[in-house]
Number of protein chains: 2
Amino acid sequence: MATSRSVTARRLISLSVQHTRCYSAPTDGAIPPNKAKYVPTEGTYPKGFVVGSAHAQVKPSNTRFDDLALIASEKPCSAALVTTQNHFQAAPVSISKKIMFQHQSKSIRGVVINSGCANAVTGKGGREDAIRMAKLTHDLLNKRNPSEHDKTAEAEAKEKIREGAVKIAEDDQDVSSIRTLVMSTGVIGQRLPIDRIEAKIPTLVESLGNTHDHWLRSARAICTTDTFPKLLSRQFTLPSYPGITFSIAGMTKGAGMIHPNMATLLGVICTDAPIQKTALRVLLSTATNSSFNRITVDGDTSTNDSVALFANGMAAPESEPVRLNHLNPKELPTKGNSLIGQRLERQSEDYKEMNKVLTSFMEDLAKLIVRDGEGATKFVTVKVTKADNDTAAHTVANSIATSALVKTALYGKDANWGRILCAIGYAPGNTCVRPQQTSVSFIPADGSEELKLLVNGEPQAVDEARAAAILEMEDLEILVTLSNKEKDVGAATVYTCDFSHEYVTINGDYRT
Amino acid sequence: MATSRSVTARRLISLSVQHTRCYSAPTDGAIPPNKAKYVPTEGTYPKGFVVGSAHAQVKPSNTRFDDLALIASEKPCSAALVTTQNHFQAAPVSISKKIMFQHQSKSIRGVVINSGCANAVTGKGGREDAIRMAKLTHDLLNKRNPSEHDKTAEAEAKEKIREGAVKIAEDDQDVSSIRTLVMSTGVIGQRLPIDRIEAKIPTLVESLGNTHDHWLRSARAICTTDTFPKLLSRQFTLPSYPGITFSIAGMTKGAGMIHPNMATLLGVICTDAPIQKTALRVLLSTATNSSFNRITVDGDTSTNDSVALFANGMAAPESEPVRLNHLNPKELPTKGNSLIGQRLERQSEDYKEMNKVLTSFMEDLAKLIVRDGEGATKFVTVKVTKADNDTAAHTVANSIATSALVKTALYGKDANWGRILCAIGYAPGNTCVRPQQTSVSFIPADGSEELKLLVNGEPQAVDEARAAAILEMEDLEILVTLSNKEKDVGAATVYTCDFSHEYVTINGDYRT
């Protein structure tokens, strides 16, 4: 004790110094050659969105790389946000949710993001930091792009709170003057260097632009242990808007602590299509369930998971997105066909198409996270079919996709299907697994014939050389069929990676 | 496809060859120096139990080490068995359960065990192998120690089945002629080399004895990736038996695929105390819940988990264990106080004492498995207190104990308590976690003062040097307090180990 006390006296180091993460992005910023193919060299970006980045040295050890990012709409837009189900929600998560709530998901300007520190489990001080970061960014954005809405949005929010239409608990923060969201990612339990961040926010706002390079640098700035920036963009059309080409673009980050439940790490998606806020929320929630909620790296659900979707409508005739943000859906003209959200209940053709576009886009974005899983050498699709229902299928797929034994066997290129069966068998809850009806196959990535491992509970003679050849490929699909009856239709797909020495190195030798 | 077909033609290797495990026990059989302290050099073993081992070369690569074990009572005894909840129960699990059922847990002779092959997911053939193994052993045991009971036990079982008192499904096996249980452990999906095993069963039965060396060799024979045999023995007394010293001894095995649910891998416990079968079942189930069900190595629940408890009563006056096995509890004299099980409902002093002895014994046995966790360098106790109830506490403790990020940080000796908080926060179900009331500390293994990391949701300034010193020790306790209210009393303790490069090596480079 004498020793430990003298050590204490000598070196009382605060947590903010203690948890420096040194694996946050490759030290020289180079993208590994085998990952370069996932980084776009050009893109088509949505009208009216500008993005930027700056270097605030959030982590003292990061002396070179941008760690602040800003994604903003030039006009206030409608927004949707899904966040982690972890009980310990980080300060930026709770503040962003408050902003969304107090402004009822409308007139949002964008999101400011830092990497290098999660601002999670940081108490009251952490929430104040998140508010300062969002507030300064918002004020500068308003100054840069003044809008008619800015003048009324704050007053309107305050009025609703006063009227009681929007209820805020007595001990809760009033964020009615902030319409810019905030996200953080990095080490948990560390306070933000908020002064350094605030000092760089003016530079961040000045850096805004809409070229491919702007988007790529912004996507890079939100990375932590990621080895490459994750950015996608594409164009689409909608039935009711002949002649108009819409764009959607998004970025995400994440490599470890990946097992989302309703959202994952950080994701920001922007579109210039006109989408009413209620529709936006349902669209984001639906697409999240088949994308970010279907990936896993290590089974750990983060405290900071957040995905935001912004729609500013600026590709459609100019007046529409404005109306979208300010009219109550009930007040919308029933014959109008320019507003996707308006006919949500009736599942308009526009809504259906938008749902298809967004889901496919978000699936591709989510897969990039698995491609970059910490230490991963493989991209594995686990498909479970013919379950009693989709939930049972998802549970079984998750059980396989998170099994340390399955994942280490895949890393070792070992066709050890017994471990897959074992993981199917211990999946929790009412999965209705029937061993005598269960079949398992490897689906090779080169399109060649499936390799049957188990058929109706009976092991197959397996050609080991072929199994080895299949496992040499980077991609693999594990197909599980839980029933031999036609009536069972439950299905689910989960994306995972393998579990390597490098994962242990990254997460064990964390500060060396 | 041409290539893969020609490869197929050239080398169609059956699964039985494919899944050879090379990490099953150190190649030279030496016990690592840091584990030697867990291997007893002497013991006190229960009367009337004999154990033995033999080498059947279950795995072709194992040319030296015993891989068959037999634990038997010289007189038929009462037995209890808990087994895995995995849907894919191995053949020996389902056969042993049938034997227990058809003989109503009485007149059991013992258990025959093989390592090197789990006989799991092996279909109908696998079940036939398990029956052959149990039957031959049982017949030879009966020949070695003929008992009055043997003459009637089989007839009685057949009579009960005929009467319908014991119901067997039409397509199910009749195992009424077998009263020896069977267990297997090793690779899943591979058939047993049953001919080689049968050829060695006579040697196995001949090897039976009751010295410390017999017990140690038997404990060694059931190991797979274990680095040391896990054997414990101790003595105890019971209030109603003045002057009698009872003994309990047990062995277990396991290092990977450890996350038991109602039982774990293999365990066999024998006592010469007289315990009626119903009491035995309740005792085993209770003790399992606070021992084998509280450990985890990698979160994977095996297909073969089985723990058996045998009580032959041979330390007590000779006639009693016999009566125990043959009388229906209802027919027992109500004033008799020599039978522990008889006053189960009234929680007799004997029962309470036996419960205490068995629970403590099984906890120590279970901890040995965590000590030998694949690749483990640390033994970590996760204690959760002041939860709403015990179940919530157990769920939270499990979430921490299975988190890959917590376990790799422990391996790296990194006091990354943020990951512990994260794992508390994503624990599934209704855990009633209240971030503002949660506290986390490290309890050092050297008995020095606790190191507070989080108090009522507020991070503490942590002395990093002291944290590092605490993490240098092999043992660590993580103490989580979920509430600051006096009324909350739910608690649970789970034992886990760290997650190292060696774990990945053992399970990834599985066949090299």
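Nothing here was measured: the structure is a model prediction, and the numbers come from that model.

A few points about the overall build of chain A
Secondary structure assignment for chain A yields 15 helices and 14 strands. A total of 512 residues make up chain A; the buried ones form 62% of that total. Considering only contacts within chain A whose residues lie at least 6 apart along the sequence, 81% involve residues at least 24 apart. Here chain A has roughly 18,500 Å² of accessible surface; of this, 50% comes from carbon and sulfur atoms.

Quick notes on the interface of chain B and chain A
Tallying the contact residues gives 74 residues for chain B and 75 residues for chain A. In total, about 6,300 Å² of surface goes out of reach between chain B and chain A, with carbon and sulfur atoms giving 60% of it. Broken down residue by residue, the surface that chain B buries against chain A is led by His 87, Phe 88 and Glu 464 of chain B, which jointly contribute 11%. Taken together, chain B and chain A are joined by zero salt bridges. Contributing elements (two or more residues each) for the side of chain B that touches chain A: α1 (2–10), α2 (15–18), α4 (123–144), α12 (404–411), α13 (417–425), β12 (458–459), α14 (464–472) and α15 (501–508) of chain B.

With respect to the UniProt feature "binding site: substrate" (unreviewed entry) in chain A
All names here are of chain A. The sites that carry the UniProt feature "binding site: substrate" (unreviewed entry) are, in the present numbering, Thr 224, Lys 253, Thr 264, Glu 374, Asn 507 and Thr 512. Positionally, Thr 224 belongs in the loop between α7 (212–221) and β5 (230–236). With respect to the helices, strands and loops of the structure, Lys 253 is situated in strand β6 (residues 246–253). A polar atom in the side chain of Lys 253 sits 2.8 Å from the side chain of Thr 185.

Points about helix α15 (residues 501–508) of chain A
Judged by how many residues are buried, α15 of chain A sits mostly within the fold: seven of eight residues are covered. Its buried side turned inward, α15 of chain A meets α12 (404–411) of chain A together with α12, α13 and α15 of chain B. N-capping of α15 of chain A is provided by Ser 500 of chain A, with a side-chain oxygen placed 3.2 Å from the backbone N of Glu 502 of chain A.

Description of the relation of the copies chain B and chain A
With an RMSD of 0.0 Å, the fit of chain B onto chain A corresponds to turning through 180° and sliding 0.0 Å along the axis. Expressed as a symmetry operation, the mapping of one chain copy onto the other fits a two-fold axis. No C-alpha of chain B lies nearer the rotation axis than that of His 501 of chain B, which sits 2.6 Å from it. A share of 100% of interface residues in chain B that are also interface residues in chain A marks the association as one of identical surfaces.

A closer look at the packing of helix α4 (residues 123–144) of chain A against helix α6 (residues 194–206) of chain A
All names here are of chain A. Closest axis-to-axis distance for the α4/α6 pair is 10 Å, and the angle between their directions is 20°. Here α4 lies roughly parallel to α6, going by the angle between them. The handedness of the crossing between α4 and α6 is right-handed. Residues Asp 129, Arg 132, Met 133, Leu 136, Thr 137, Leu 140 and Arg 144 of α4 lie in contact with α6, whose contacting residues are Ile 194, Asp 195, Ile 197, Glu 198, Ile 201, Pro 202 and Val 205.

Examining the packing of aromatic side chains
All chains considered together, the criterion is met by 13 aromatic pairs over all chains. Each ring, one from Phe 499 of chain A and one from Phe 499 of chain B, has its centre 5.3 Å from the other, and the planes form 65°; the classification is edge-to-face. You can see Phe 499 of chain A sitting in the loop between β14 (490–497) and α15 and its partner Phe 499 of chain B sitting in the loop between β14 (490–497) and α15, one on each of two chains. By relative accessible area, Phe 499 of chain A is classed as buried at 6%. On the basis of an interplanar angle of 10° and a centroid distance of 4.9 Å, the ring pair of Tyr 45 of chain B and Trp 215 of chain B is categorised as stacked.

Here we look at the pattern of salt bridges
One pass over the structure, following the stated rule, counts 42 salt bridges over all chains. Its salt-bridge partner being Asp 372 of chain B, residue Lys 230 of chain B comes within 2.7 Å of it at the nearest N-O pair. Here Lys 230 of chain B, found in strand β5 (residues 230–236), pairs with Asp 372 of chain B, found in the loop between α10 (349–371) and β9 (379–387); they are 142 residues apart in sequence, far enough to count as distant. Note on accessibility: Lys 230 of chain B and Asp 372 of chain B belong to one class, buried. Put simply, Lys 356 of chain B and Glu 353 of chain B hold a salt bridge, and the shortest N to O gap is 3.9 Å. Of the two residues, Lys 356 of chain B and Glu 353 of chain B both sit in helix α10, three residues apart, roughly one turn of that helix. What you see here is one network of salt bridges that share partners, running through Lys 35, Asp 226, Lys 230 and Asp 372 of chain A.

Side note on the nonpolar core
Core analysis: the largest hydrophobic core is formed by 98 residues, its most contacted members being Ile 424 and Phe 442 of chain A together with Ile 424 and Phe 442 of chain B. Among all residues touching Ile 424 of chain B, those that are not within four sequence positions of it are Phe 88 of chain A together with Val 396, Ile 400, Val 433, Thr 438, Val 440, Val 480 and Leu 482 of chain B.

Describing the confidence of the model for chain A
All names here are of chain A. Mean pLDDT over chain A: 82, with 87% of residues reaching 70 or higher. Here helix α2 (residues 15–18) is the element of chain A with the lowest mean pLDDT, 26, and α6 is the one with the highest, 97. Taken as a whole, residues 319–339 scores under 50 in pLDDT and shows 37 contacts with residues more than four places along the chain or in a different chain.

Concerning the pairing of strand β2 (residues 68–83) of chain B
Residue and element names in this part refer to chain B. Of all 16 residues making up β2, 14 are buried, and the element is well covered by its neighbours. Bridge analysis of β2 against strand β3 (residues 108–115) gives six bridges, and the strand direction is antiparallel. The partner of Leu 70 across the bridge, within β3, is Val 112.

Things to note about the side chain of Arg 294 of chain A
All names here are of chain A. Among the structural elements, Arg 294 can be located in the loop between α8 (277–289) and β8 (306–311). Buried and without a salt bridge, Arg 294 has Asp 390 as its closest oppositely charged side chain, separated by 6.6 Å. Here Asn 289 takes part through its backbone oxygen, which lies 3.0 Å from a polar atom of the side chain of Arg 294. Apart from residues no more than four positions distant in its own chain, Arg 294 is found in contact with Asn 289, His 394, Ala 492, Thr 493, Val 494 and Tyr 495.

Thoughts on the state of the cysteines
All names here are of chain A. With the rule as written, the count across this model stands at zero disulfides over all chains. Cys 77 takes part in no disulfide bond, and the closest cysteine sulfur to it belongs to Cys 270, at a distance of 7.6 Å. Exposure remark for Cys 77: the relative accessible area of 0% places this residue in the buried category.

Rules of the game
Residues numbered from 1 in each chain as written. Chains lettered and ligands numbered in written order. Predicted model: local features only at pLDDT ≥ 70, side-chain atom pairs only at ≥ 80, totals over all residues. Heavy atoms only, no water. Helix = DSSP H or I, 4+ residues; strand = E, 2+ residues; numbered from the N terminus. Buried < 20%, exposed > 50% of the residue type's maximum accessible area, 1.4 Å probe, protein only. Contact = heavy atoms within 4.5 Å. Areas by Shrake-Rupley, 256 points an atom, 1.4 Å probe, with all protein chains shown as cover. Buried area = accessible area lost by both parts, 1.4 Å probe. Salt bridge = Lys/Arg side-chain N within 4 Å of Asp/Glu carboxyl O. UniProt positions renumbered as here; feature names shortened; annotations may be inferred. Polar contact = N/O pair within 3.5 Å; in protein donor to acceptor, adjacent residues only side chain to side chain. Least-squares fit on C-alpha atoms with pLDDT ≥ 70 in both. Axes fitted to C-alpha atoms, helices over the stretch in contact; angles between N-to-C directions. Parallel < 35°, antiparallel > 145°, perpendicular 65-115°, else oblique. Left-handed = near helix turned anticlockwise from the far one by under 90°. Phe/Tyr/Trp six-rings, centres within 6.5 Å; stacked < 30°, edge-to-face > 60°. Core = buried A, V, L, I, M, F, W, Y, C linked by side-chain atoms within 4.5 Å. pLDDT = per-residue confidence, 0-100. Pairing = 2+ DSSP bridges. Lys, Arg positive; Asp, Glu negative; His and termini not counted. Disulfide = S-S within 2.5 Å.

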